[in-house]
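Commentary on secondary and tertiary structure
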Amino acid sequence: MRKASEVTLPLSLLLSPGSTQPPENEEDEEEWEQTRSLSYSISQAEKDIISTVRINRATGTREMKENVSGVVLAITTMVANYSLSFPIVATRHRQQALAYAHSYLNDTPMNAVHTLYATYQQGGLRSIYPGFGLRLLGQAVSGGYEQIVQRVMSHTPKPIRTIFSPLLNFVIHIPLYPLHRNALLYRIQSNDTQLIHNYRDLWTLYKHDLASFSLTRIREHKDSAFIPCCVANILVEKLLVYNYRWIFQSLVPKKKKKKKAKESTVLQTYYSEITCALLSSIMTRTIGYPMDTILFKLMVQDRVFSEKKYTGFLDCVITTWQQGGWRAFYPGWGPALLEIGVSYMVLETSWWIYRAIQWKLDHPKIKARK
(Lines give C-alpha, C1' and ligand atoms only; values in the text may rest on other atoms or scores of the structure.)
Protein backbone atom coordinates (compact mmCIF):
# COMPACT_ATOMS: atom_id res chain seq x y z
CA MET A 1 0.00 0.00 0.00
CA ARG A 2 1.09 3.54 -0.66
CA LYS A 3 1.58 5.94 2.14
CA ALA A 4 -0.30 9.21 2.25
CA SER A 5 2.96 11.06 1.74
CA GLU A 6 3.42 9.40 -1.66
CA VAL A 7 0.29 11.09 -3.11
CA THR A 8 1.59 13.87 -5.30
CA LEU A 9 -1.77 15.34 -6.43
CA PRO A 10 -2.24 18.83 -5.02
CA LEU A 11 -5.36 19.56 -2.94
CA SER A 12 -6.56 22.22 -5.37
CA LEU A 13 -6.56 19.59 -8.12
CA LEU A 14 -8.42 17.04 -6.03
CA LEU A 15 -11.17 19.49 -5.05
CA SER A 16 -11.54 21.12 -8.42
CA PRO A 17 -14.17 19.35 -10.52
CA GLY A 18 -13.17 21.35 -13.57
CA SER A 19 -9.46 20.51 -13.50
CA THR A 20 -8.07 18.78 -16.58
CA GLN A 21 -4.45 18.17 -15.46
CA PRO A 22 -3.67 14.47 -16.26
CA PRO A 23 -2.52 12.12 -13.47
CA GLU A 24 0.92 10.49 -13.48
CA ASN A 25 -0.20 6.79 -13.52
CA GLU A 26 -3.28 4.58 -13.76
CA GLU A 27 -3.72 4.25 -10.01
CA ASP A 28 -3.60 8.00 -9.60
CA GLU A 29 -5.99 8.35 -12.55
CA GLU A 30 -8.59 6.13 -10.88
CA GLU A 31 -8.26 8.03 -7.59
CA TRP A 32 -8.35 11.29 -9.49
CA GLU A 33 -11.63 10.36 -11.22
CA GLN A 34 -13.21 9.30 -7.92
CA THR A 35 -12.13 12.52 -6.27
CA ARG A 36 -13.48 14.62 -9.12
CA SER A 37 -16.81 12.77 -8.99
CA LEU A 38 -17.03 13.26 -5.21
CA SER A 39 -16.08 16.90 -5.52
CA TYR A 40 -18.71 17.45 -8.20
CA SER A 41 -21.39 15.79 -6.04
CA ILE A 42 -20.44 17.95 -3.06
CA SER A 43 -20.57 21.08 -5.21
CA GLN A 44 -24.03 20.20 -6.52
CA ALA A 45 -25.25 19.41 -3.00
CA GLU A 46 -24.00 22.80 -1.80
CA LYS A 47 -25.86 24.53 -4.64
CA ASP A 48 -29.06 22.61 -3.84
CA ILE A 49 -28.80 23.45 -0.15
CA ILE A 50 -28.19 27.15 -0.83
CA SER A 51 -31.07 27.37 -3.30
CA THR A 52 -33.38 25.51 -0.90
CA VAL A 53 -32.47 27.84 1.94
CA ARG A 54 -33.13 30.85 -0.27
CA ILE A 55 -36.51 29.48 -1.38
CA ASN A 56 -37.56 28.61 2.17
CA ARG A 57 -36.41 32.01 3.40
CA ALA A 58 -38.35 33.76 0.65
CA THR A 59 -41.41 31.58 1.26
CA GLY A 60 -41.22 32.16 5.01
CA THR A 61 -40.88 35.91 4.50
CA ARG A 62 -43.89 36.01 2.17
CA GLU A 63 -45.96 33.89 4.53
CA MET A 64 -45.13 36.20 7.42
CA LYS A 65 -46.04 39.27 5.34
CA GLU A 66 -49.33 37.68 4.29
CA ASN A 67 -50.24 36.79 7.89
CA VAL A 68 -49.43 40.27 9.17
CA SER A 69 -51.26 41.94 6.27
CA GLY A 70 -54.28 39.67 6.77
CA VAL A 71 -54.55 40.43 10.49
CA VAL A 72 -54.15 44.19 9.98
CA LEU A 73 -56.65 44.23 7.12
CA ALA A 74 -59.23 42.17 9.04
CA ILE A 75 -59.01 44.42 12.11
CA THR A 76 -59.15 47.56 9.96
CA THR A 77 -62.22 46.28 8.13
CA MET A 78 -64.10 45.50 11.34
CA VAL A 79 -63.18 48.83 12.96
CA ALA A 80 -64.14 50.76 9.82
CA ASN A 81 -67.47 48.96 9.55
CA TYR A 82 -68.27 49.58 13.22
CA SER A 83 -67.22 53.26 13.11
CA LEU A 84 -69.04 54.15 9.90
CA SER A 85 -72.20 52.24 10.83
CA PHE A 86 -72.51 53.52 14.39
CA PRO A 87 -74.37 56.81 13.59
CA ILE A 88 -76.84 54.85 11.46
CA VAL A 89 -77.26 52.23 14.20
CA ALA A 90 -77.99 54.98 16.75
CA THR A 91 -80.66 56.42 14.45
CA ARG A 92 -82.20 52.97 13.92
CA HIS A 93 -82.29 52.26 17.65
CA ARG A 94 -83.98 55.59 18.29
CA GLN A 95 -86.73 54.81 15.78
CA GLN A 96 -87.20 51.30 17.18
CA ALA A 97 -87.35 52.30 20.84
CA LEU A 98 -89.59 55.34 20.31
CA ALA A 99 -91.83 53.89 17.62
CA TYR A 100 -95.49 54.89 17.53
CA ALA A 101 -98.50 53.91 15.43
CA HIS A 102 -97.60 53.81 11.71
CA SER A 103 -94.20 55.43 12.35
CA TYR A 104 -92.65 52.92 9.96
CA LEU A 105 -94.19 54.87 7.06
CA ASN A 106 -91.66 57.67 7.60
CA ASP A 107 -88.63 55.44 8.19
CA THR A 108 -87.12 55.74 4.71
CA PRO A 109 -83.39 55.81 3.94
CA MET A 110 -83.59 59.46 2.83
CA ASN A 111 -85.36 60.41 6.04
CA ALA A 112 -82.56 58.71 7.99
CA VAL A 113 -79.96 60.71 6.04
CA HIS A 114 -81.80 63.98 6.79
CA THR A 115 -82.06 63.04 10.47
CA LEU A 116 -78.35 62.33 10.69
CA TYR A 117 -77.47 65.57 8.93
CA ALA A 118 -79.75 67.62 11.18
CA THR A 119 -78.24 65.99 14.27
CA TYR A 120 -74.75 66.74 12.98
CA GLN A 121 -75.63 70.39 12.37
CA GLN A 122 -76.97 70.78 15.90
CA GLY A 123 -74.19 69.10 17.86
CA GLY A 124 -71.33 68.32 15.52
CA LEU A 125 -69.55 65.00 15.08
CA ARG A 126 -69.89 64.09 18.74
CA SER A 127 -73.68 64.22 18.59
CA ILE A 128 -73.89 61.38 16.05
CA TYR A 129 -71.55 59.18 18.11
CA PRO A 130 -73.28 59.08 21.52
CA GLY A 131 -71.88 56.34 23.73
CA PHE A 132 -69.53 55.14 20.99
CA GLY A 133 -67.27 53.20 23.33
CA LEU A 134 -70.02 51.61 25.42
CA ARG A 135 -70.89 48.94 22.85
CA LEU A 136 -67.22 48.07 22.48
CA LEU A 137 -66.91 47.86 26.26
CA GLY A 138 -69.90 45.54 26.52
CA GLN A 139 -68.59 43.30 23.73
CA ALA A 140 -65.10 43.20 25.25
CA VAL A 141 -66.43 42.28 28.70
CA SER A 142 -68.76 39.63 27.29
CA GLY A 143 -66.09 38.09 25.06
CA GLY A 144 -63.45 38.07 27.79
CA TYR A 145 -65.84 36.53 30.30
CA GLU A 146 -66.83 33.77 27.86
CA GLN A 147 -63.17 32.91 27.26
CA ILE A 148 -62.53 32.68 31.00
CA VAL A 149 -65.59 30.48 31.53
CA GLN A 150 -64.57 28.15 28.70
CA ARG A 151 -61.05 27.74 30.08
CA VAL A 152 -62.28 27.09 33.60
CA MET A 153 -64.98 24.65 32.49
CA SER A 154 -62.59 22.76 30.21
CA HIS A 155 -60.73 21.46 33.28
CA THR A 156 -63.82 20.35 35.17
CA PRO A 157 -65.71 17.03 34.95
CA LYS A 158 -68.56 16.84 32.48
CA PRO A 159 -71.41 16.61 35.06
CA ILE A 160 -70.20 19.78 36.80
CA ARG A 161 -69.65 21.50 33.45
CA THR A 162 -73.18 20.63 32.32
CA ILE A 163 -74.69 22.24 35.43
CA PHE A 164 -72.50 25.28 36.05
CA SER A 165 -71.62 26.36 32.49
CA PRO A 166 -75.16 27.66 31.66
CA LEU A 167 -75.37 29.24 35.11
CA LEU A 168 -72.09 31.12 34.67
CA ASN A 169 -73.13 32.25 31.20
CA PHE A 170 -76.36 33.60 32.68
CA VAL A 171 -74.63 35.48 35.52
CA ILE A 172 -72.79 37.83 33.14
CA HIS A 173 -76.12 39.28 31.98
CA ILE A 174 -76.66 40.87 35.40
CA PRO A 175 -73.87 43.48 35.06
CA LEU A 176 -74.26 43.72 31.27
CA TYR A 177 -77.99 44.44 31.20
CA PRO A 178 -77.71 47.84 33.01
CA LEU A 179 -74.79 48.72 30.74
CA HIS A 180 -76.70 47.92 27.54
CA ARG A 181 -79.83 49.63 28.82
CA ASN A 182 -78.15 52.91 29.74
CA ALA A 183 -76.07 52.84 26.57
CA LEU A 184 -79.35 52.62 24.65
CA LEU A 185 -80.75 55.55 26.63
CA TYR A 186 -77.60 57.53 25.84
CA ARG A 187 -77.97 56.83 22.11
CA ILE A 188 -81.65 57.67 21.70
CA GLN A 189 -81.97 60.73 23.93
CA SER A 190 -82.51 64.13 22.35
CA ASN A 191 -81.87 67.67 23.53
CA ASP A 192 -85.47 67.94 24.76
CA THR A 193 -85.35 64.69 26.74
CA GLN A 194 -81.71 64.59 27.76
CA LEU A 195 -81.26 62.27 30.71
CA ILE A 196 -77.51 61.56 30.49
CA HIS A 197 -75.22 64.59 30.12
CA ASN A 198 -71.87 62.92 30.77
CA TYR A 199 -70.33 59.64 31.85
CA ARG A 200 -70.84 60.55 35.51
CA ASP A 201 -74.61 60.52 34.98
CA LEU A 202 -74.22 57.25 33.11
CA TRP A 203 -72.31 55.71 36.02
CA THR A 204 -75.00 56.88 38.47
CA LEU A 205 -77.79 55.31 36.44
CA TYR A 206 -75.77 52.14 35.97
CA LYS A 207 -75.29 51.70 39.73
CA HIS A 208 -78.99 52.35 40.30
CA ASP A 209 -80.02 49.69 37.78
CA LEU A 210 -77.42 47.23 39.05
CA ALA A 211 -78.74 47.61 42.60
CA SER A 212 -82.18 46.56 41.37
CA PHE A 213 -80.88 42.98 41.19
CA SER A 214 -80.57 42.80 44.97
CA LEU A 215 -82.85 40.43 46.85
CA THR A 216 -85.06 43.28 48.08
CA ARG A 217 -85.67 44.71 44.58
CA ILE A 218 -85.48 41.67 42.35
CA ARG A 219 -89.27 41.72 41.86
CA GLU A 220 -88.91 44.92 39.83
CA HIS A 221 -87.67 42.82 36.92
CA LYS A 222 -90.83 40.72 36.76
CA ASP A 223 -92.20 42.89 33.94
CA SER A 224 -88.89 44.28 32.68
CA ALA A 225 -86.89 43.31 29.61
CA PHE A 226 -84.19 41.48 31.59
CA ILE A 227 -85.42 37.89 31.17
CA PRO A 228 -86.43 38.39 27.50
CA CYS A 229 -83.01 39.98 26.86
CA CYS A 230 -81.22 36.97 28.33
CA VAL A 231 -83.26 34.55 26.24
CA ALA A 232 -82.82 36.68 23.12
CA ASN A 233 -79.04 36.90 23.55
CA ILE A 234 -78.74 33.14 23.86
CA LEU A 235 -80.88 32.57 20.78
CA VAL A 236 -79.03 35.23 18.77
CA GLU A 237 -75.63 33.69 19.59
CA LYS A 238 -76.82 30.25 18.52
CA LEU A 239 -78.42 31.61 15.35
CA LEU A 240 -75.35 33.67 14.48
CA VAL A 241 -73.07 30.63 14.67
CA TYR A 242 -75.53 28.50 12.70
CA ASN A 243 -75.88 31.13 9.95
CA TYR A 244 -72.12 31.56 9.74
CA ARG A 245 -71.52 27.83 9.31
CA TRP A 246 -74.31 27.51 6.76
CA ILE A 247 -73.07 30.45 4.68
CA PHE A 248 -69.45 29.30 4.89
CA GLN A 249 -70.37 25.78 3.75
CA SER A 250 -72.45 27.21 0.91
CA LEU A 251 -69.82 29.65 -0.39
CA VAL A 252 -66.59 27.72 0.19
CA PRO A 253 -66.27 24.31 -1.56
CA LYS A 254 -65.12 21.36 0.55
CA LYS A 255 -61.92 20.85 -1.44
CA LYS A 256 -60.86 24.44 -0.84
CA LYS A 257 -61.64 24.15 2.86
CA LYS A 258 -59.15 21.33 3.34
CA LYS A 259 -56.54 23.13 1.26
CA LYS A 260 -57.04 26.39 3.14
CA ALA A 261 -56.79 24.72 6.51
CA LYS A 262 -53.35 23.33 5.63
CA GLU A 263 -51.71 25.89 3.31
CA SER A 264 -53.50 29.24 3.36
CA THR A 265 -52.36 32.29 5.30
CA VAL A 266 -54.52 34.82 7.13
CA LEU A 267 -54.50 37.12 4.09
CA GLN A 268 -55.85 34.36 1.83
CA THR A 269 -58.65 33.29 4.17
CA TYR A 270 -59.69 36.56 5.82
CA TYR A 271 -61.96 37.85 3.03
CA SER A 272 -64.11 34.72 2.82
CA GLU A 273 -64.38 34.55 6.60
CA ILE A 274 -65.23 38.22 7.11
CA THR A 275 -67.76 38.07 4.25
CA CYS A 276 -69.49 35.10 5.88
CA ALA A 277 -69.42 36.93 9.23
CA LEU A 278 -71.08 40.07 7.80
CA LEU A 279 -73.69 38.06 5.89
CA SER A 280 -74.53 35.98 8.96
CA SER A 281 -74.80 39.15 11.04
CA ILE A 282 -77.23 40.69 8.54
CA MET A 283 -79.33 37.51 8.41
CA THR A 284 -79.42 37.19 12.19
CA ARG A 285 -80.30 40.86 12.64
CA THR A 286 -83.13 40.58 10.11
CA ILE A 287 -84.60 37.52 11.83
CA GLY A 288 -84.26 39.04 15.29
CA TYR A 289 -85.40 42.55 14.30
CA PRO A 290 -88.94 42.25 15.77
CA MET A 291 -87.49 40.97 19.05
CA ASP A 292 -85.10 43.94 19.22
CA THR A 293 -88.01 46.33 18.70
CA ILE A 294 -89.95 44.85 21.63
CA LEU A 295 -86.90 44.76 23.90
CA PHE A 296 -85.94 48.37 23.15
CA LYS A 297 -89.46 49.54 23.95
CA LEU A 298 -89.42 47.70 27.27
CA MET A 299 -85.93 48.93 28.18
CA VAL A 300 -86.81 52.63 27.86
CA GLN A 301 -90.42 52.64 29.02
CA ASP A 302 -89.82 53.71 32.64
CA ARG A 303 -87.74 56.71 31.63
CA VAL A 304 -88.80 60.06 30.23
CA PHE A 305 -88.81 58.82 26.62
CA SER A 306 -91.80 56.48 26.51
CA GLU A 307 -95.42 57.66 26.60
CA LYS A 308 -96.96 54.26 27.37
CA LYS A 309 -96.26 51.85 30.20
CA TYR A 310 -96.32 48.23 29.04
CA THR A 311 -97.31 45.63 31.60
CA GLY A 312 -94.90 43.06 30.21
CA PHE A 313 -93.43 41.41 27.15
CA LEU A 314 -96.69 39.97 25.85
CA ASP A 315 -98.53 43.25 26.31
CA CYS A 316 -95.83 45.05 24.32
CA VAL A 317 -96.15 42.50 21.50
CA ILE A 318 -99.94 42.87 21.35
CA THR A 319 -99.78 46.67 21.47
CA THR A 320 -97.16 46.79 18.72
CA TRP A 321 -99.28 44.53 16.50
CA GLN A 322 -102.24 46.83 16.99
CA GLN A 323 -100.13 49.77 15.81
CA GLY A 324 -99.71 48.42 12.30
CA GLY A 325 -99.50 44.66 12.04
CA TRP A 326 -96.24 42.96 11.15
CA ARG A 327 -94.80 46.19 9.71
CA ALA A 328 -94.97 47.79 13.16
CA PHE A 329 -92.24 45.36 14.29
CA TYR A 330 -89.85 46.84 11.70
CA PRO A 331 -89.53 50.54 12.54
CA GLY A 332 -86.21 52.00 11.46
CA TRP A 333 -86.01 49.85 8.34
CA GLY A 334 -84.64 52.83 6.40
CA PRO A 335 -81.50 53.17 8.57
CA ALA A 336 -81.19 49.38 8.49
CA LEU A 337 -80.88 49.50 4.68
CA LEU A 338 -78.29 52.26 4.95
CA GLU A 339 -76.37 50.14 7.44
CA ILE A 340 -76.29 47.24 4.98
CA GLY A 341 -75.10 49.62 2.25
CA VAL A 342 -72.25 50.90 4.43
CA SER A 343 -71.20 47.35 5.29
CA TYR A 344 -71.17 46.49 1.58
CA MET A 345 -68.98 49.50 0.74
CA VAL A 346 -66.53 48.63 3.52
CA LEU A 347 -66.39 45.04 2.33
CA GLU A 348 -65.88 46.10 -1.29
CA THR A 349 -63.10 48.50 -0.30
CA SER A 350 -61.36 45.81 1.72
CA TRP A 351 -61.53 43.53 -1.33
CA TRP A 352 -59.63 46.00 -3.49
CA ILE A 353 -57.07 46.56 -0.73
CA TYR A 354 -56.72 42.79 -0.46
CA ARG A 355 -56.10 42.51 -4.21
CA ALA A 356 -53.56 45.37 -4.08
CA ILE A 357 -51.64 43.66 -1.27
CA GLN A 358 -51.60 40.38 -3.20
CA TRP A 359 -50.33 42.15 -6.33
CA LYS A 360 -47.61 43.88 -4.33
CA LEU A 361 -46.47 40.58 -2.82
CA ASP A 362 -46.48 38.89 -6.24
CA HIS A 363 -44.35 41.71 -7.71
CA PRO A 364 -41.88 42.63 -4.96
CA LYS A 365 -39.28 44.05 -7.36
CA ILE A 366 -41.62 46.66 -8.85
CA LYS A 367 -41.00 49.95 -7.10
CA ALA A 368 -42.90 53.15 -7.40
CA ARG A 369 -41.30 55.78 -9.64
CA LYS A 370 -39.88 58.76 -7.85
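Being a predicted model, the structure only gives us computed values, none of them experimental.

As for the layout of surface pockets
Considering only enclosed or pocket space, the second largest pocket measures out at about 590 Å³ in volume. Taken together, 20 residues make up the lining of the second largest pocket; nearest its centre are Thr119, Ser127, Gln189, Ser190 and Asn191. Looking at the lining of the second largest pocket, the elements with two or more residues in it are helix 3 (109-123) and helix 6 (173-188). Ranked by residue count, the leading element in the lining of the second largest pocket is helix 3, at 5 residues. Residues of the lining of the second largest pocket, tallied by class, amount to 6 nonpolar, 11 polar and 3 charged.

Comments concerning the side chain of Asp107
The residue Asp107 is located in the loop between helix 2 (26-97) and helix 3 in this model. Look at Asp107: it is buried, it has no salt bridge, and the nearest opposite charge is Lys297 at 10 Å. Excluding its chain neighbours within four sequence positions, the residues that come into contact with Asp107 are Gln95, Pro331, Gly332, Trp333 and Gly334.

A few points about the pattern of salt bridges
It is possible for side chains bearing opposite charge to pair when their charged atoms get close. Within the structure shown, the criterion is met by 3 salt bridges. Among the ionic pairs, Glu339 bridges to Arg92, the shortest N-O distance being 3.2 Å. Placement of the pair is Glu339 in helix 13 (residues 333-362) and Arg92 in helix 2, with a sequence separation of 247 residues. Grouping residues by exposure puts Glu339 and Arg92 together as buried. Here Asp209 and Arg181 are joined by a salt bridge, their closest N and O atoms 3.3 Å apart. Note that Asp209 is positioned in helix 7 (residues 199-211) and Arg181 in helix 6, a separation of 28 residues in sequence. The residues Asp209 and Arg181 share a single accessibility class, namely buried.

Description of empty space enclosed by the protein
Throughout the structure, instances matching the rule amount to 1 cavity of 30 Å³ or more. Estimates place the volume of the largest cavity at around 60 Å³. Among the secondary structure elements, those contributing two or more residues to the lining of the largest cavity are helix 2 and helix 3. Here the element with the most residues in the lining of the largest cavity is helix 2; it accounts for 4 residues. Class assignment for the residues of the lining of the largest cavity results in 5 nonpolar, 4 polar and 1 charged.

Side note on unusual backbone geometry
A negative phi angle characterises most non-glycine residues, just as the trans form characterises most peptide bonds. Notably, His102 is not glycine yet its phi reads approximately 60 degrees, a positive angle. Tracing the chain through its elements places His102 in the loop between helix 2 and helix 3. Given the relative accessible area of 44%, His102 is considered partly exposed.

Side note on the environment of Ser165
Position of Ser165 among the secondary structure elements: in helix 5 (residues 158-171). Sequence spacing of Ser165 and Val152 is 13 residues, and the spatial spacing of their C-alpha atoms is 9.4 Å. Apart from the residues within four sequence positions on either side, Ser165 is in contact with Met153 and Ile160.

Quick notes on the nonpolar core
By size, the foremost hydrophobic cluster in this structure holds 30 residues, and its most contacted members are Tyr177, Ala225 and Met299. Only helix 6, helix 7, helix 8 (226-251) and helix 11 (289-300) provide two or more residues apiece to this core. Among the elements that line this core, the one with the most residues is helix 6, at 8 residues. Beyond its immediate sequence surroundings of up to four residues, Tyr177 is in contact with Phe213, His221, Ser224, Ala225, Phe226, Cys229 and Met299. Ala74, Tyr271, Ile274 and Leu278 belong to the second largest nonpolar core, which has 10 residues in total.

A word on the packing of aromatic side chains
Taken as a whole and assessed by the stated rule, the structure comprises 18 aromatic pairs. Aromatic side chains Tyr82 and Phe132 sit 5.2 Å apart centroid to centroid with 55 degrees between the ring planes, which places their arrangement in the tilted category. Pair noted here: Tyr82 is in helix 2 and Phe132 is in helix 4 (residues 132-153), with a separation of 50 residues, a long-range link. For Tyr82, a relative accessible area of 14% translates into the label buried. With a relative accessible area of 26%, Phe132 lands in the partly exposed category. Centroid distance Tyr271 to Tyr354: 6.2 Å. Interplanar angle 10 degrees. Geometry classified as stacked. Separated by 83 residues along the polypeptide, Tyr271 in helix 10 (residues 266-287) and Tyr354 in helix 13 bring together distant segments of the chain. We note that Tyr271, like Tyr354, is buried.

Parameters at a glance
- Residues numbered from 1 in each chain as written.
- Predicted model: local features only at pLDDT ≥ 70, side-chain atom pairs only at ≥ 80, totals over all residues.
- Heavy atoms only, no water.
- 1 Å grid on protein atoms, 1.4 Å probe; cavity = no way out; pocket = protein on both sides within 12 Å on 5 of 7 lines; lining within 4 Å.
- Points joined across faces, edges and corners; volume = space filled by probe spheres on them.
- Helix = DSSP H or I, 4+ residues; strand = E, 2+ residues; numbered from the N terminus.
- Nonpolar A, V, L, I, M, F, W, Y, C, P; charged D, E, K, R; others polar.
- Buried < 20%, exposed > 50% of the residue type's maximum accessible area, 1.4 Å probe, protein only.
- Lys, Arg positive; Asp, Glu negative; His and termini not counted.
- Salt bridge = Lys/Arg side-chain N within 4 Å of Asp/Glu carboxyl O.
- Contact = heavy atoms within 4.5 Å.
- Core = buried A, V, L, I, M, F, W, Y, C linked by side-chain atoms within 4.5 Å.
- Phe/Tyr/Trp six-rings, centres within 6.5 Å; stacked < 30°, edge-to-face > 60°.

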